[in-house]
Amino acid sequence: MKNIKTRVYQKFLNPELDFRVKLFNVLAVAGMLAGVIMGTINAVNGGGIFNVVAGIGVAALAFALLLYSTISGRYKFSYLMTIAVVFFFYFPTLFFRMGGYHGGKISFFIFAVMYTAFMLEGKLVRVVITLELLFFTCVCIYAYLYPKSVTFFLDERGYLISNVSDMLFVSVALSVILVIYFRMYNQQQRKLDKQNAVLAKINRAKTEFFANTSHEMRTPLTVVSVNVQTALRLMKRINDDIKDPDMEKLLVNAQKEIMRLSRVVGGMLTLASISEDMEKRKIDMAVILFSTADTLLLLLSQRGNELHVETGKDLFVFGDADLLTQVVANLIQNAHAHTENDVIQIHAARDGGKINVTIGDNGSGIPPEILPRLFERGVTGGRGTGYGLFLCKTVVESHGGEILIESKQGKGTVVRFALPVSEGQLEGDAV
């Protein structure tokens, strides 16, 4: 007996089965039992031979659909057959033959809508539920306008039995649906919690690996960089007759590549740290913009560039000050790299629930063929690492914002990013 129960459970209620499949299996069995019970009640309650046969017919249909769907796997067809035959034909027939809206069969209409909501999805569920509600409403109105179409019970006992039995059936059926649904939901949540715990552990290990690797790489990079710079200084002391211009050029290029690799290492560490808990707090973006601009003034002067910053009021966001500073710095440096003897404009203002920041230049612009992919990792319009804009996009989106770029070659580039306004997530002084 125990083996039979186990096999039935594995066949029809296996946890690996889809929720709708398990629900259909349970309700198909319930439909078989309900059909037999309703047929018996109709026989005892004087419901007539038609109602008795109809109850047995529903039980047979439920068994046939359960068998068909289990063998063929065409569960959606079985759902639709149940809706078409049982909900649009059998339930209204019982409604008219067992007291109309004075009896308990109107509760079957509620069950039909609930069942449909669980079993179907997408546009189909909206269409079918709308049709059901319209159809069931018309059925009730028709019964009101044409009371002779309804077969009423001869006494109150009939209504009592009908209402109580229908209430119990619908209550038990809906309870089964909700119990199965929430049991599956809890099982999935437990699985997700376990998976999230494992992923968090892996993520921490990944971040530690990047941090350790970054620090380990920075040390030899610094040593090599110092050695190259020392070699360049020594070469400048050598007489021009002995000095090899190609050697000096090679050393300069080596120094550039070392600095590029150093920026890649720093970018890798920053990207890894974004997935960890960021130190978010209330930040004034105006402070971030002005302080970053002051830091980069000397750099910009090397190419004759100026920086104009214009900000509005109440530019408070909730975020990590260091990461947002790096976003602003990256965007200014990108503009500087493509601009010479010109002005880089920064504008920030509040627009409803967002803080909009714009950084624009009149520089050389970006080739149109790479513009759509510019925020992808490793894509660059010059000699950069391809991490800068990818890093900016990652940071902005991790703060619930969005970023876009517009550029015309030879006419300049405009980068816009928007961040949500701080909603007072944490109290404290603004940065």
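Look a little higher up for the structure.
Reading guide: rules and limits
Every chain is numbered independently, its residues counted from 1 as its sequence is written. In keeping with the model being predicted, local features are shown solely for residues with a pLDDT of at least 70 and side-chain atom pairs are shown and tallied solely at 80 or more, while totals for entire chains, interfaces and linings include all residues. As a rule here, side-chain values cover all heavy atoms of the structure and leave hydrogens and water aside. Strands here are runs of E lasting at least two residues and helices are runs of H or I lasting at least four, both read from the DSSP assignment and numbered beginning at the N terminus. By this rule, a helix spans an expected 1.5 Å times one less than how many residues it contains. To get the bend at any residue, fit one axis to the seven residues that end at it and another to the seven that begin at it, then take the angle between the two axes. Each residue is assigned to one of three classes by its accessible area relative to the maximum for its type, calculated with a 1.4 Å probe on protein chains only: buried under 20%, partly exposed between the two thresholds, exposed over 50%. Here, a strand pair is defined by DSSP locating no fewer than two bridges between the strands. Angles run from 0 to 180 degrees between N-to-C directions of axes, and those axes are lines fitted to C-alpha atoms, restricted for helices to the stretch in contact. Should any heavy atoms of two residues lie within 4.5 Å, those residues are considered in contact. Classification of ring pairs rests on two measures: the distance between centres of Phe, Tyr or Trp rings, Trp counted by its six-membered ring, which must be within 6.5 Å, and the angle between planes, read as stacked under 30 degrees, edge-to-face over 60 and tilted in between. For a lysine, the NZ atom is tested; for an arginine, the CZ atom; a charge sits over a ring if that atom is within 6 Å of the ring centre and within 35 degrees of the ring normal. What makes a salt bridge here is a side-chain nitrogen of Lys or Arg within 4 Å of a carboxyl oxygen of Asp or Glu, nothing more.

(A) Focus on helix H9 (residues 285–301). The first and last C-alpha atoms of H9 sit 24 Å apart over 17 residues, in line with the 24 Å expected at 1.5 Å per residue. Of all bends in H9, the biggest is about 40°, found at Thr295. Buried within H9 are the following residues: Met285, Ala286, Ile288, Leu289, Thr292, Ala293, Leu296 and Leu300.

(B) Highlighting the sheet that holds strand S7 (residues 412–420). If you walk across this open sheet you meet the 5 strands as S2-S4-S5-S7-S6, and the pairing is mixed. Strand pairing shows two members of the sheet lacking a second neighbour, strand S2 (306–311) and strand S6 (402–408), which therefore form its edges. Each neighbouring strand pair of the sheet contributes to a mean axis angle of 10°, computed without reference to strand direction. Taken together, the 8 bridges between strand S5 (residues 354–361) and S7 define a ladder with antiparallel strand orientation. Bridged to Asn356 within S7 is Ala418. Across the sheet, helix H10 (residues 321–337) touches S2, strand S4 (343–351), S5 and S7, and the angle it forms with S7 is around 170°. The strands that helix H11 (residues 388–398) touches are S6 and S7; relative to S6, the one it contacts most, it runs at about 145°.

(C) Main features of the packing of aromatic side chains. Within the structure shown, the criterion is met by 16 aromatic pairs. Measuring from ring centre to ring centre gives 4.2 Å for Phe109 and Phe136, while their planes differ by 5°; the resulting arrangement is stacked. With Phe109 in helix H5 (residues 106–119) and Phe136 in helix H6 (residues 122–145), this pair connects stretches of sequence that are 27 residues apart. Exposure remark for Phe109: the relative accessible area of 5% places this residue in the buried category. Here a set of aromatic residues connected by ring pairs shows up, and it is made of Phe88, Phe95, Phe96, Phe109, Phe135, Phe136, Tyr142 and Tyr146. Above the plane of the ring of Phe316 lies Lys282, whose end atom (NZ or CZ) is 4.8 Å from the centre.

(D) Here's a closer look at the pattern of salt bridges. One pass over the full model with this rule turns up 6 salt bridges. A salt bridge links Asp166 to Lys105; its shortest N-O distance comes to 2.8 Å. Of this pair, Asp166 sits in helix H7 (residues 156–237) while Lys105 is found in the loop between helix H4 (75–97) and H5, placing the two residues 61 residues apart along the sequence. Given the relative accessible area of 0%, Asp166 is considered buried. Residues Glu376 and Arg373 are paired through a salt bridge, measuring 3.6 Å at the closest nitrogen-oxygen approach.

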